[in-house]
Structures are given as C-alpha cells and as structure tokens.
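Fold and geometry: a report
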Amino acid sequence: TEDEITLFERDMKEFWIQFKISYSTEQINQTSALRDLCKETIEALSEKWSKKLKEEDLMIDKIQEYNNEILQQSKSVAEKEEQLTEIKSKLNQEEEQQKNLTDSIQELKEELMKKMEIKSSKNEAAKEKVERVSKIKTLFKERLGLEMRRIHDEQLQFIFRHIDHKDPDKPYMFTLSINEQGDYEVTSCTPPLDCIAELQLKLRETNNFSAFVANIRKAFTALSYK
C-alpha cells in the first residue's frame, strides 16, 4: 500500500543515513589512526635519523681529526726526511774529507818513506866514503907523512908534515866532511889554498880520493916554496 511504501522509503532513508554516518565515522577513525601511526613513524624515523646524523657528524669530526693527525705526521715525516737527507749529505762530505785526509796521509807517508830511503842511501854512501878514507889512512901516513883525525860532526882532519924543508914538523891541514847531498866538502884549509875549490869539484866528479889528497899535498908543497 501507499503507507507501506512510504514507510519503506523512510526506513531505507534512515538506514542509508545511518550507514553513511557509520562509514564516515569508521573512515575518520581509520584515517586518524593512520595519521597517528604515520606521525609516530615519522617521529621515530626522525629521532633515528637525527641520532644517525649526530653519529655521522661525530664520525666526520673524528675523521677530520684523524686527517689532521695524519697531516701533522706527514709533515713531521717530511721534516725528518729532510733532516735525514741533510745528515746523509754531511756524512758523505765527512766521508769524502776523511778519504781525502787518508789519501793525503798516505801520500805523506810515501813521501816520507822515499826521503828516509834517500837519506838512508846517502848515509850509507857517506859511511862507505868515511870507511874508505879510514882504510887508506895508514897508507897515506906512511908514504905522505899524513895524519888523519876524526873530529866533531863526523869530520876528518888531514894533517901533512915533512912539507916545509926548513921546518919538517910544521903542519899543513884541511878538514873534510860529507854534506847533506852526500858529497865531499872541504870545511877548512890551513894555510888556505887558492885551488881548493877546483880540487874539491874534481873530487866530486871523479870520486878519486887518493888523487885529491895527493894534489892537496902538492899544492901545500908548492906553497911552502913561495
């Protein structure tokens, strides 16, 4: 009937209204719950990322601190390497100086040894000459009236007698030595002879000592007649 239809329509309208209200309320509650969940999630994530960012900031600061330490250590290593290079350079210079000094000492030793050998050779030659002079001492004394004496500084003094027929005991003398070059050298002559330098030179050239002594005696003899 018409009343029933009207009642049905009214009931349907009320049901629909109640359904809308119920659905809207549920949607609102779900949306609110979802919003709260999102808010809580966002806050949790924000707190988590904020903490993580702080940790990363600390990590960055730590890394920067390590980088500074490494930079300082690198700088210190570079300075020490430079110092080591300088020390090595000084050591090389000192080694070179030591080598030069050693070489100089060796050269001096060699030069000294040569000089010692030369001196020894000269001393040996001088000794042989003195010995040779001594050996003929007796011969000269017997034949030429010659007396030889060893005086200071390894010198030999030659004394002639029986030259001046007016005074046979009158001495005529000269002194002979061996100089640093190993040569004969007349250091004194009494009375003086003008030819002594010439006779000395001839002795050095010929090394004929007997002829030298004989020529000096002849010169003294000639002088005694003047």
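Residues numbered from 1 in each chain as written. Predicted model: local features only at pLDDT ≥ 70, side-chain atom pairs only at ≥ 80, totals over all residues. Heavy atoms only, no water.

**A short note on the overall build of the protein**
Our working rule: Labels follow the DSSP assignment, with helices taken as runs of H or I lasting at least four residues and strands as runs of E lasting at least two, numbered in each case from the N terminus. Buried residues are those whose accessible area, probed at 1.4 Å on protein chains only, stays under 20% of the maximum for their type, while exposed residues exceed 50% and partly exposed ones sit between those limits. The contact definition used throughout considers only heavy atoms, calling two residues in contact when any of these lie within 4.5 Å. The protein chains shown are the only cover counted for residues, whose accessible areas, like all others here, come from Shrake-Rupley with a 1.4 Å probe.
Broken down by element type, the protein carries four helices and four strands. Listed by position from the N terminus, the elements making up the protein come as α-α-β-β-β-β-α-α. Every one of the 226 residues in the protein was classed for burial, and the buried ones make up 18%. Within the protein, residue pairs in contact and separated by at least 24 positions form 38% of the contacts whose partners lie at least 6 positions apart. As displayed, the protein offers around 18,300 Å² of accessible surface, 55% of which is attributable to carbon and sulfur atoms.

**Thoughts on the sheet that holds strand β4 (residues 184–190)**
For the record, the criterion: A pair of strands is considered paired only if DSSP assigns at least 2 bridges between the two. Helix axes are fitted to C-alpha atoms over the stretch in contact, other axes to C-alpha atoms as well, and angles between N-to-C directions run from 0 to 180 degrees.
Taken in spatial order, the four strands line up as β1-β2-β3-β4 in an open sheet, and their pairing is antiparallel. Every other strand in the sheet has two partners, leaving β1 (146–151) and β4 as the edge strands with one partner each. Strand-to-strand twist across the sheet, computed as the mean angle between neighbouring axes with direction ignored, equals 20 degrees.

**Here we look at helix α3 (residues 196–206)**
Note the threshold: The directions from the helix axis to the C-beta atoms are what the arc is built from.
Ile 196, Leu 199, Gln 200 and Leu 203 are the residues of α3 that are buried. Take α3 and look down its axis: the buried residues cluster within an arc of 100 degrees, on one side only. Opposite the packed face of α3, turned more than 90 degrees from it, sit the exposed residues Ala 197, Glu 198 and Glu 205. Against the buried residues of α3 lie β4 and α4 (209–224).

**Section: the pairing of β1**
Bridge count for β1 against strand β2 (residues 155–160) is six bridges, and the pairing is antiparallel. For Arg 149, the partnering residue across the bridge sits in β2 and is Gln 157. The turn joining β1 and β2, which pair antiparallel and follow one another in sequence, is formed by three residues; a positive phi near 60 degrees is taken by Asp 153.

**Some points on unusual backbone geometry**
With omega at -5 degrees, the peptide bond leading from Thr 190 into Pro 191 counts as cis. A positive phi angle is found at His 162, which is not glycine, with a value near 60 degrees. Topologically, His 162 is positioned in the loop between β2 and β3 (172–178). Despite not being glycine, Asn 207 has its phi angle at roughly 60 degrees, a positive value. Of note, Asn 207 is situated in the loop between α3 and α4. Judged by its relative accessible area of 38%, Asn 207 is partly exposed.

**Remarks on a nonpolar patch on the surface**
Convention followed: Patch membership needs two things, relative accessible area over 30% and no salt bridge, and members are linked within 9 Å if like-charged or within 5 Å if nonpolar (Val, Leu, Ile, Met, Phe, Trp, Tyr). For salt bridges, the criterion is a side-chain nitrogen of Lys or Arg within 4 Å of an Asp or Glu carboxyl oxygen.
On the surface, a nonpolar cluster with roughly 360 Å² of combined accessible area is contributed by Phe 15, Trp 16 and Phe 19. With respect to the element layout, Trp 16 can be found in helix α1 (residues 2–135).

**Focus: the nonpolar core**
Let me state the cut-off plainly: Residues enter a nonpolar core if they are buried and are Ala, Val, Leu, Ile, Met, Phe, Trp, Tyr or Cys, with the set joined through side-chain atoms within 4.5 Å.
Grouped together as the largest cluster of nonpolar side chains are 22 residues, with contacts concentrated most on Phe 158, Phe 160, Phe 174, Phe 212, Ile 216 and Phe 220. Looking at this core, the elements that each hand over two or more residues are β1, β2, β3, β4, α3 and α4. When residues of this core are assigned to their parent elements, the largest contribution, six residues, is made by α4. Non-local contacts of Ile 216, meaning those with residues more than four positions away in its chain, are made with Phe 160, Phe 174, Leu 193, Ile 196 and Leu 199.

**Focus: the side chain of Ser 177**
Residue placement: Ser 177 occurs in strand β3. Assessed through its relative accessible area of 11%, Ser 177 is described here as buried. Here Ser 177 is in contact with Gln 155, Asp 183, Tyr 184, Glu 185 and Thr 187, once residues within four sequence places are set aside.

**Digging into the pattern of salt bridges**
Inspection of every chain in the model, using the stated rule, returns one salt bridge. When the shortest N-O distance is used, the salt bridge between Glu 147 and Arg 149 registers 3.1 Å. Among the residues examined, Arg 149 registers a relative accessible area of 38% and is labelled partly exposed.

**Quick word on the packing of α3 against α4**
Geometry of a packed helix pair, given as the angle between the helix axes and the separation of the axes. Just so we agree on the cut-off: Roughly parallel means an angle under 35 degrees; roughly antiparallel, over 145; roughly perpendicular, 65 to 115; everything else is oblique. Crossing handedness is defined as follows: a turn of the near helix away from the far one that is anticlockwise and smaller than a right angle gives a left-handed crossing, while the clockwise case is right-handed. When residue character is reported, Ala, Val, Leu, Ile, Met, Phe, Trp, Tyr, Cys and Pro are called nonpolar, Asp, Glu, Lys and Arg charged, and the others, Gly included, polar.
One way to put it is that α3 packs onto α4 with a least axis distance of 9 Å and a crossing angle of 170 degrees. Comparing the axis directions of α3 and α4 gives the class roughly antiparallel. In this structure, the crossing between α3 and α4 has a hand that is right-handed. Contact residues: Ile 196, Leu 199, Gln 200 and Leu 203 in α3; Phe 209, Phe 212, Asn 215 and Ile 216 in α4. Looking at the contact of α3 with α4 residue by residue, the class counts come to six nonpolar, two polar and no charged.

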